[in-house]
Amino acid sequence: MDASFLLTQFISGLTMATLLFLVASGLTLIFGVGNVFNFAHGSFYMLGAYFGYQFVSVWSTNFWIALLLSGVCVGLFGMLAEFAFLRRIYGRANEGGFQILLTYAFILIIDDLVKLTWGAEYKSLPRPAGFGGAIQLGDIFIPTYNLLIIAIGMIVVVAAWWVLSHTRPGQVARAAAVDREIVSVLGVNVPMTMTLVFGIATALGGMAGALAAPLRTVTPGAGIEVIIDSLIVVVLGGMGNFWGAWFGALLIGEVNAFAVAVVPQWATLFSFLVMVVVLIFKPEGLFAARKVRKV
Amino acid sequence: MKKNLCVCLAIVLGVLCALPMAVQAQEKVIRIGAMYPMTGRAGLYGIDSVAAAEMAVDEINGKGGANGYKIDITFTDSKAKPAYAVRVATRYITEDQVHFLFGIVSSGVGLAVTEISKQQKKIFIGTDHASTQLTSDKLQPYYFRVANNTFQSMAAGALYLQELQKSKPWKTIAYIGPDYAYGHDQWNELRFSLDRLGVKYQVVGEYWPKLFEPDYNSYVTSLVKDNPDILVTGFWGGDTVAFIKQAQVYGLFKKSLYFQPDAGGNYELMSAMGAELPAGLVLGARHYNNWPDTELNRKFVADFHKRTGRYPTYAAEGAYAGVYAIAEAVKIVGNPDDTEALVKALEGLKIKLPEDPDGFTSYIDPATHQIMQVQAIGVTMPNTDFPPAKMMLGDWKIYKAEDIAPPPGYPNK
Amino acid sequence: MTNLATRNLKAASLWAFIVLIFVLVPVLSTSSYQVNLACHVLIWSLFAVSFNMLWGVTGMLSLGQALYYGLGAYSVGLMVDHLGRQWYLPAMGLGVLAAAALALLLGLLVIRVGGVYFTMLTLAFAQLGWQITFKWYDFTGGDDGIQGIIPPGILESGTVYYYFVLAVVMLSIWVLKRMAFSPFGLVLRCVQQNPDRVRFLGRRVRRNQLRVYVISSLFSALAGSLMAGVDGSIHTDMLFWTTSGEVILMSVLGGINQFFGPFVGATVIILIEDLVGARTEYWSLIIGIIIMVIVLVFPKGVVGEAMRAKSLLTRTGAGR
């Protein structure tokens, strides 16, 4: 195994990790701020892919505008879901189970709505102009679109960090995560903040869907596959921890890439194995967002 | 406490009353209970199958039915869940009193349903699931299949590769397919057939991504390193699309011949990828919209398009064939009630189908209950006759039904 | 004292009545499908009731009970497949024991954390179990599942097997109910409501949590092992996370704070699934909307809402 192959494999892993992170970041954000585990996050990802298809392939919108519009549309959809439904179960006894059921209902409903709107055929959309090829360095091929995804992932990480730590809405969101009541006493409209955070998080998921669509298949059921992987990433990194999700995604992406190269027979087991090993030693994840309630 | 129990009782009583009482003393009807997935990844196959089966039923009933019997077909979404499908099959048999169980896309579900068919002695016509087991070691007297199994596709693939070796000597081969029974079966069967033909080859890589894996980048870069002459894949549906899109930019198809004899040639791939689909991929499927160029096939494809506004995937022709096989068997026996006579009639039944080229008629092998058909393998090339596809298959190689059947006793030898 | 005695008598007679109804199912039914459906209802009820011991009673939301349900089913399936039908009943026992042992081991790992972390950890281990079962084709049959699991001797008959299921389920639910209303059950309720006070009273929170985790898992495995014989086939779906989700749905629908809630929930869900599935291709939309309505409008579940309605009625009737 020579150096150039290792590098190629590393970049493959990085592409996978970035897309994983873009989906998982929204998931972990909702959990960190709102304490909601959104099982339907994968369905918002799928919706984003379908919006991307609709804008680019049907309405011939410019890819970059379509990417933004898909994020915005999915975000609005997410805000509606939070505002009309999820909000009603906050603070209920045994809330966790109700969250699982409600977000599971979202999965079922979105799946059928997608089928009713776009049909069951597989859709695909082309890579944007200028990103259809690959850069060749010796015997290493690096697809330009993969590089683009990695770059966008970096931008999202930095931007999210800046928003969360340097802007007032970010600080409010972080404060609300720690103690909702105090923040609300201080005159902040907490329910509105929650809706907004949910919107941003689902918009991230939707954008990830549209960004991934040129590489993957746009099909009903596409959300189910990403939700389990994102869940692993979020749990691994410590639920609610933004950086944890980034690190978790990187770990899963790279472990997977090298497992494929070394032991392809068992590659599919590795992400689970990593998670189980981590959880045995650190049950609250690698970077727990806060002290875990011991009950 | 008391109220809890009251509610329990009320509900249990409700159950008993609400269940539809099965009173069906209708005359001259063939009842078929069909199960297809209509949601999720395989939903397209189910929806196409339903449309084609309904088309066949309308055609047959329009001509006065089979021996005076009209066909009444019911569809239920199997949800691709074996336990649920078994419940539906049981309902079909005991409540609706169907004469035939019908359909099923996933082999896992097919295996569960064939168990019920065996226990209840009710004929089960499989139309799309491809696991060879169902017509070999798991065969039971009431099961019949009217579509190719994976062995037949892979045996045709092996013949193709053998011929290819003469014109373009190849040595190395690699495989990538989903990590479940369907993926593993194809690879085992291809190697079995290659070995049987005495083809010399060297395996340089075997990869098993999970079913519905969205991200193939690391598999592709590993395959580029392995640099096989022939790259065999065992995907179906959306996974094929995702793999081809991701592998293409790495130049993988320039170095290796892409070869997917079982599900690669399915029209869904051409319709999804349009102009993005590379030329020169070698693909096979169980039915093609542009081969054979017979009147029956042209009519089937055109009628389907008229009915649904799109062109069919191969699942459609399987369902269409299944309905016709039932009608033919009932014609021979005279009624749909004598199950044992129907089994006899189906064994060896000859039936002309859209996928039969001129001079050949499909028939059901009495020993394995598997339909025997000609198999074609083609190469992708530009063709805009079936929009939204921009590429279709051409440059066909044709294999005779007898040459691609599993040897007697397979796989226990 | 007399009051208590009458209450016990009433409860016992209602018990007898409910059992009687289920006893009569094979006699009254018009097709073996109804018996099959009743069988599914009974088994899912046991699964849901044992799950609710964990969630409704103790407040531990596990999203991984499918692991034990599948373990029970696969013990029976694998032993019958490899060793023969006479191993059916021993395999059920072994499956239950194996589940208890696994629950003890995993329990030590997962109860270290509370709340959503517990939920995610149970989910993670269950998905690992599913992935292994799915992947280990040579041993478990992978996604092909295992077919031809026929119970031995007289149990082969559908009706006899139904009565066998009925007896096992009723006995298990009776045991669970005794447990839920015993001093142990009271401790569990306290663990949910106020763990610190439990500690002050000298009871160990963790130990009780572990106990109930093992008990719940053991009965889930029993339910799974019973399911193996109903259709004669089992499948990896039994271990998938949606199976764990299904029992949450059943518990919520019936009412999580009522012991018999999950029983009612299981009955209703299985009927809804069948009725909706048989009528429309868009079952997913309809069932999604039904779940939404249940969660948002009837959070107390069928039994809970019925109790509330009843108490409102009696209050207005007896009162001013």
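Not measured: the values here are computed from a predicted model.

**What about the overall build of chain C?**
A count of helical and extended segments in chain C gives 14 helices and two strands. Here the C-alpha radius of gyration of chain C, 20 Å, is about what a compact globule of 320 residues would show, namely 20 Å. Taken over the C-alpha atoms alone, chain C extends approximately 70 × 50 × 45 Å along its principal axes. Here chain C holds 320 residues, and the buried ones make up 53% of them. Sequence-distant contacts in chain C: of pairs separated by 6 or more residues, those separated by 24 or more amount to 77%.

**Notes on the overall build of chain B**
Tallying secondary structure elements over chain B gives 13 helices and 15 strands in all. Relative to a compact globule of 413 residues, whose C-alpha radius of gyration would be 22 Å, chain B shows 22 Å and is just as compact. Seen along its three principal axes, the alpha-carbon backbone of chain B occupies a region of about 70 × 60 × 45 Å. Looking at chain B as a whole, 61% of its 413 residues qualify as buried. Excluding contacts between residues fewer than 6 apart, the proportion of contacts in chain B whose partners are at least 24 apart in sequence is 71%.

**Here we look at the pairing of strand S2 (residues 70-77) of chain B**
One ladder, built from eight bridges, connects strand S1 (residues 29-36) of chain B with S2(B); its direction is parallel. Of the residues in S2(B), the one forming a bridge with Ile30(B) is Ile71(B).

**Thoughts on the interface of chain C and chain B**
Listed per partner, the contact involves 46 residues of chain C and 38 residues of chain B. Counting residues per element, the ones that place at least two in the side of chain C that touches chain B are helix H1 (2-28), helix H2 (32-57), helix H5 (115-135), helix H12 (261-279), helix H13 (283-297) and helix H14 (301-318) of chain C. The element best represented in the side of chain C that touches chain B is H12(C), accounting for eight residues. Residue classes in the side of chain C that touches chain B are distributed as 20 nonpolar, 17 polar and nine charged.

**Some thoughts on the sheet that holds strand S12 (residues 362-364) of chain B**
Within the open sheet, the three strands sit side by side as S11-S12-S13 (chain B). Their pairing is antiparallel. The open sheet has two edge strands with one neighbour each: strand S11 (350-351) and strand S13 (371-372) of chain B.

**Some points on the interface of chain B and chain A**
Taken together, the contacts link 36 residues of chain B with 37 residues of chain A. Per-element accounting of the side of chain B that touches chain A gives the leading share, seven residues, to helix H7 (residues 217-226) of chain B. For the side of chain B that touches chain A, the class distribution of residues is 15 nonpolar, twelve polar and nine charged.

**A closer look at the nonpolar core**
Grouped burial of nonpolar side chains is what soluble globular proteins tend to show. Formed by 347 residues in total, the largest nonpolar core has its most connected members in Leu101(A), Tyr320(B), Val323(B) and Ile43(C). Residue contributions to this core peak at 18 residues, all from H2(C). The two domains that each donate at least three residues to this core are domain 1 (28-149 + 293-372) and domain 2 (151-290 + 375-404) of chain B. In this view, Tyr320(B) contacts Ala52(B), Ala53(B), Met55(B), Ala56(B) and Phe300(B); residues no more than four positions away in its chain are not counted.

**Some points on the sheet that holds S1(B)**
Residue and element names in this part refer to chain B. In space, the five strands of this open sheet follow the order S2-S1-S3-S4-S5, with parallel pairing throughout. Each edge of the sheet is formed by a strand with only one pairing partner; in this case those strands are S2 and strand S5 (143-145). Neighbour-to-neighbour, the strand axes of this sheet turn through a mean angle of 25°, independent of strand direction.

**Quick word on unusual backbone geometry**
Excluding glycine, residues mostly carry a negative phi; peptide bonds, for their part, are mostly trans. The omega torsion across Trp291(B) and Pro292(B) is -10°, close enough to zero to call that bond cis. As for its placement among the helices and strands, Pro292(B) is situated in the loop between strand S10 (282-284) and helix H11 (295-308). For the bond from Pro387(B) to Pro388(B), the omega torsion is 10°, close enough to zero to count as cis. Inspection of the secondary structure assignment puts Pro388(B) in the loop between strand S14 (375-382) and strand S15 (391-399). Within the chain, Asn94(A) stands out as a residue other than glycine whose phi angle is a positive 55°.

**Considering the domain arrangement of chain B**
All names here are of chain B. Here the domain parsing of chain B yields domain 1 (28-149 + 293-372) and domain 2 (151-290 + 375-404). If you average the C-alpha positions of domain 1 and of domain 2, the two centres end up 27 Å apart. Residue contributions to the side of domain 1 that touches domain 2 peak at three residues, all from helix H12 (residues 314-333). Of the residues contributing to the side of domain 1 that touches domain 2, the split by class is ten nonpolar, seven polar and three charged.

**Side note on the packing of helix H11 (residues 241-254) of chain C against H12(C)**
All names here are of chain C. Two numbers describe how H11 lies on H12: the axes approach to 7 Å, and their chain directions differ by 110°. Taken as axis vectors, H11 and H12 run roughly perpendicular relative to one another. Relative to H12, the crossing made by H11 is right-handed. In this structure, H11 uses Leu249, Met250, Ser251, Val252, Leu253 and Gly254 to contact H12, whose residues at the interface are Gly261, Pro262, Phe263, Val264, Gly265, Ala266, Val268 and Ile269. Residue composition of the contact of H11 with H12, by class: ten nonpolar, four polar and no charged.

**Some words on the packing of helix H7 (residues 158-180) of chain C against helix H10 (residues 205-231) of chain C**
Residues and elements named next belong to chain C. Running from N to C, H7 and H10 cross one another at 175°; their axes reach a closest spacing of 11 Å. Regarding the angle of H7 to H10, the classification is roughly antiparallel. Residues Tyr161, Val165, Val168, Ser172 and Leu176 of H7 form the contact with H10, whose participating residues are Phe219, Leu222, Leu226 and Gly229. Grouping the amino acids of the contact of H7 with H10 by side-chain chemistry returns seven nonpolar, two polar and no charged.

**What about helix H3 (residues 82-94) of chain B?**
With 13 residues, H3(B) extends 18 Å between its outermost C-alpha atoms, agreeing within 8% with the 18 Å of an ideal straight helix rising 1.5 Å per residue. Counting buried residues along H3(B), 13 of its 13 residues qualify, which places the element largely inside the surrounding structure.

**With respect to the pairing of strand S8 (residues 230-233) of chain B**
Residues and elements named next belong to chain B. What you see with S8 is no split at all: Ile230 and Val232 on one side and Leu231 and Thr233 on the other are buried throughout. Alignment of strand S6 (residues 172-176) against S8, held across four bridges, turns out to be parallel. Pairing of Tyr175 across the sheet is with Val232, part of S8. The pairing of S8 with strand S9 (residues 257-260) spans three bridges and is classified as parallel. The residue of S9 that forms the bridge with Ile230 is Leu257.

**Looking at the environment of Ala180(C)**
Along the chain, Ala180(C) falls in helix H7. Expressed as a C-alpha distance, the spacing of Ala180(C) and Trp241(C), which sit 61 residues apart in the sequence, is 26 Å.

Definitions and cut-offs
- Residues numbered from 1 in each chain as written.
- Chains lettered and ligands numbered in written order.
- Predicted model: local features only at pLDDT ≥ 70, side-chain atom pairs only at ≥ 80, totals over all residues.
- Helix = DSSP H or I, 4+ residues; strand = E, 2+ residues; numbered from the N terminus.
- Rg over C-alpha atoms; globule rule 2.2 N^0.38 Å.
- Buried ≥ 20, exposed ≤ 12 C-beta atoms within 10 Å, placed from the backbone.
- Contact = placed C-beta atoms within 7 Å.
- Pairing = 2+ DSSP bridges.
- Nonpolar A, V, L, I, M, F, W, Y, C, P; charged D, E, K, R; others polar.
- Core = buried A, V, L, I, M, F, W, Y, C linked by C-beta atoms within 7 Å.
- Domains from an automatic or database assignment.
- Axes fitted to C-alpha atoms, helices over the stretch in contact; angles between N-to-C directions.
- Parallel < 35°, antiparallel > 145°, perpendicular 65-115°, else oblique.
- Left-handed = near helix turned anticlockwise from the far one by under 90°.
- Expected span 1.5 Å × (residues − 1).

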